[in-house]
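Structural characterization, general
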Amino acid sequence: MKKAIIKILLSAVAFFFTVAVSAQVKLSNDSSKIDPANPRELILNKLEVQGAEHMDGKVLSLISGLTVGEKIQVPGQKIVDAIKSIWKQGLFEDVQIFASKVEGDKVDLVIKVVERPRLSKFTFKGVSKGEANDIRDEIKLVRGKVVTDFLLADIKQQVIAKFKDKGFSNVSVSVEEKADSSLANSVILFINVKRGERIKIHDILFHGNTAITAGVLRRTMKNTKRKKINTILHSSKYIPDNFRDDKQSIIEKYNSKGYRDAKVVKDSIYPYSPNRINIEIWISEGHQYYFGNINWVGNSKYPSKKLAEILSIKKGDVYNASLLQQRLFMNPNGNDVSSLYMDNGYLFFQVTPVETFVHNDTIDMEMHIYEGNPATVNKVTVTGNDKTNDKIIMRQIRTQPGDLFRRSDVIRTQRELSQLGYFDPEKMNVTPTPHPEDGTVDINYQVVEKSSDQIELSGGWGGGLGFVGTAGIDLKNFSVRNMFKGSEYWRPIPTGDGQEVSLRFQSNGLPYQSVNLSFIQPWVGGRKPNNLSTTLFTTTESNGQPTSSPTRESINIKGISVGFGKPLKIPDDYFSALLALNYQYYTVNNYGTAFVFSNGYANSISAKLTIDRNSVGNNPIFPTQGSDIKVSGEWTPPYSSFRGATDYADESTAEKYQWLEFQKYKFTAAWYSQITNFKAPEGKEAHNLVLTGRVGFGFMGYYNADIGYCPFNRFYLGGSGLTGYSLIDGREIIALRGYDDGSLSPATGGVSIVKYTMELRFPISLNPQATVFALGFADAGNSWADLKSFNPFNVYRAMGAGVRIYLPMFGLLGFDYGWRLDDVPTAPTMQRGQFVFTIGQNLGEL
């Protein structure tokens, strides 16, 4: 048979302009021809795919829309549509459909494609290694990806945006393709970056502003700053997106002053010097408006007078739409109309402010209220807890099935779950699903587990012990119950029941060893949030000689403490109480003058009661709001009262202190306040300054004036506060940065103490896996040998800066530099500034 090849156009010229492809039909008949002007209806007998190496031929046939056995016109729209569908995938440089055989009323078609090249590797030119790594994370290119025109354009766009965000407004990017000779149909991409000079703002000028000064408007622009000496802490880079947002901030500032018609008429950006620009902004302020009459419509639960009190907006006040919204819906303090209703079950409550009349500069308003019926909680679920047992979470939840819905309970539940320390507070979410038809609501709490266990490997100097190393493990979500189950519960340790187990060992060799074991059961009996804690410890301090040496000098303390904690409902439910019973037994062997007595033993039995009100916000590592106030008292029995008349002057020190007696009282308060309110783009962290204040007072008393103040359990102020407590004599070590350890207390310790701290904190990273924040601080404090000398205004002062790094496995790491402002008469050679480094330690309770 004689073969004839006939090229047939499958579409009009316009189609070729659209898809830029060609189509061919090969015929095997010796005389039959397909006339493009007279298409034939044929049955598709066979469909073959050629050239598709990275895509399954069956998938490509499916994309084409051609089906074996169907009737199609050749040439015709069906084939045109098939080419379009394949072309739209963006995976091919050329698409052809041709007939390989025509026999009678049947036709065999071939889909022939030429694949686009795939990415072999890519490299950057004109950027540093660090910048290249950052861009790689952004553009997410992977080996084998199809190189399309869209991909190349997207690479350019992302790289340009990256550098514009850094202030390089004149950046240009080009992408070159080079065939990779080592890999078939693959290319290497060379991404060339010409960043140009970083563009900074020389000045920002305003026109048309009379009600608000240019200085106030410039301060309103949080992310667009001119280059001035007094703005050294702010970047003066010109970033278009930031400038657009800051223009909106200007309008919001005017709106808050009653100028609700204010607008930016135009702006102009022009060069001042080769890498400096000026920005000019023209503003139309409009008129200033005031609130007129405000009427309430539709309210029956609460009288209009009550609602007006909460709104706190009076006739004649400057019109402020954002303040109105805040008082209606979203007051950070919770004192708004919406909270009033939703805290009493009115989940379906709605309020719509309506402007009823505008006359001259006054706006009358009506608040249209739909109260609905009170909603009750139906189902409460928790998702995302792949380690913590449901019951551990459910017992913290304040919205129980059958309860009246209260928004305050939802907010408080989020706080309680965050305080557990098991979940990421930044990713916690609540989704209420209301059911208006039956007046109920389902509530789902979404949590994301985070690592809460800690391995402590720490070291530092302090307490007169030299270098002390610490190794410990703190399991905060342990499960004793799961210890005795199968190996599947050991991952690598049994978890999920919220129990806390801590084992800690401290030593610097023979001179000092300490072992501490504690266990906390947060819900005794599992029904009420009453916690039971038990601590066992033993500590030995010596002159470093072995136990068999006759010259060994040592003191050993063994102790046990049992505590019972209970939440309180009065005065409010942020209060809790903790009662602890403590016993220590001291054994002293040839300890010379380093201790109260050289040989003998002593006993200390005490009860300690602590009342705590803790309203600290959701993030316990970096709190931004709330306070923590504690009052505590510790008492031993008044043993001297049981002994009758005794001449203590005739007794040895060991006999006098065989049974320790003292009273100890402390007050501490800490509060946190976020002082900036920067908003972050979706998916990013908002970095705001937080002001933290702390104050602490401590006092010791005695029962018998002949015995006087107990030489144990005293306060020692100054330095890093490395150990917090010294179990040797029960001393409480309080930090005051910038001074030597214990330098601000008498040699025998203080019986009265005061300390003040103020810190300004700025978060660098709020990632729960690596929380980092910088701080500037001011410390002040002093301690005295008796109560009569106590003077809260006679203090030693210091200031400095530092950084905190929280890693879940190691706890809080601290590095500070303190500069003392006052001289200490008893330490004339003390250096003026000092570094303080702590690992896994707090800075004392005050």
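Above this text is the structure in question.
1. Section: the pattern of salt bridges
For the structure on display, the rule yields 29 salt bridges. Its salt-bridge partner being R412, residue E416 comes within 2.9 Å of it at the nearest N-O pair. Here the residue E416 and the residue R412 both occupy positions in helix α12 (residues 407-420), the gap between them amounting to four residues, near one helical turn. The two residues E416 and R412 agree in class, both being buried. A salt bridge links E500 to K476; the shortest N-O distance between them is 3.6 Å. One end of the pair, E500, is in strand β21 (residues 499-507); the other, K476, is in strand β20 (residues 467-478), and 24 residues separate them in sequence. If you follow the salt bridges from partner to partner, you end up with R694, R737, E759, R761, D779, R804 and D816 in one network.

2. Looking at the sheet that holds strand β7 (residues 118-125)
The three strands lie next to each other as β7-β9-β8, forming an open sheet whose pairing is mixed. Strands with a single pairing partner mark the edges of an open sheet, and in this sheet they are β7 and β8 (172-179). Averaged over all neighbouring strand pairs, the angle between strand axes comes to 20°, with direction disregarded. Direction of pairing for β8 relative to strand β9 (residues 186-194): antiparallel, over a ladder of eight bridges. By the bridge assignment, V175 is partnered in β9 with I191. Its contacts with the sheet place helix α4 (residues 129-139) against β7 and β9, and it is angled at close to 145° to β7. Along the sheet, helix α5 (residues 149-164) makes contact with β8 and β9, crossing β8 at roughly 145°.

3. Structural notes on unusual backbone geometry
The linkage connecting V74 with the following residue, P75, adopts the cis geometry, with an omega of -15°. Inspection of the secondary structure puts P75 in the loop between β4 (71-74) and α3 (77-87). In this model, I570 is joined to P571 through a cis peptide bond whose omega is 0°. Mapped onto the secondary structure, P571 falls in the loop between β24 (554-567) and β25 (575-589). One non-glycine residue, K140, adopts positive backbone phi at about 55°.

Rules behind the numbers
Residues numbered from 1 in each chain as written. Predicted model: local features only at pLDDT ≥ 70, side-chain atom pairs only at ≥ 80, totals over all residues. Heavy atoms only, no water. Salt bridge = Lys/Arg side-chain N within 4 Å of Asp/Glu carboxyl O. Helix = DSSP H or I, 4+ residues; strand = E, 2+ residues; numbered from the N terminus. Buried < 20%, exposed > 50% of the residue type's maximum accessible area, 1.4 Å probe, protein only. Pairing = 2+ DSSP bridges. Axes fitted to C-alpha atoms, helices over the stretch in contact; angles between N-to-C directions. Contact = heavy atoms within 4.5 Å.

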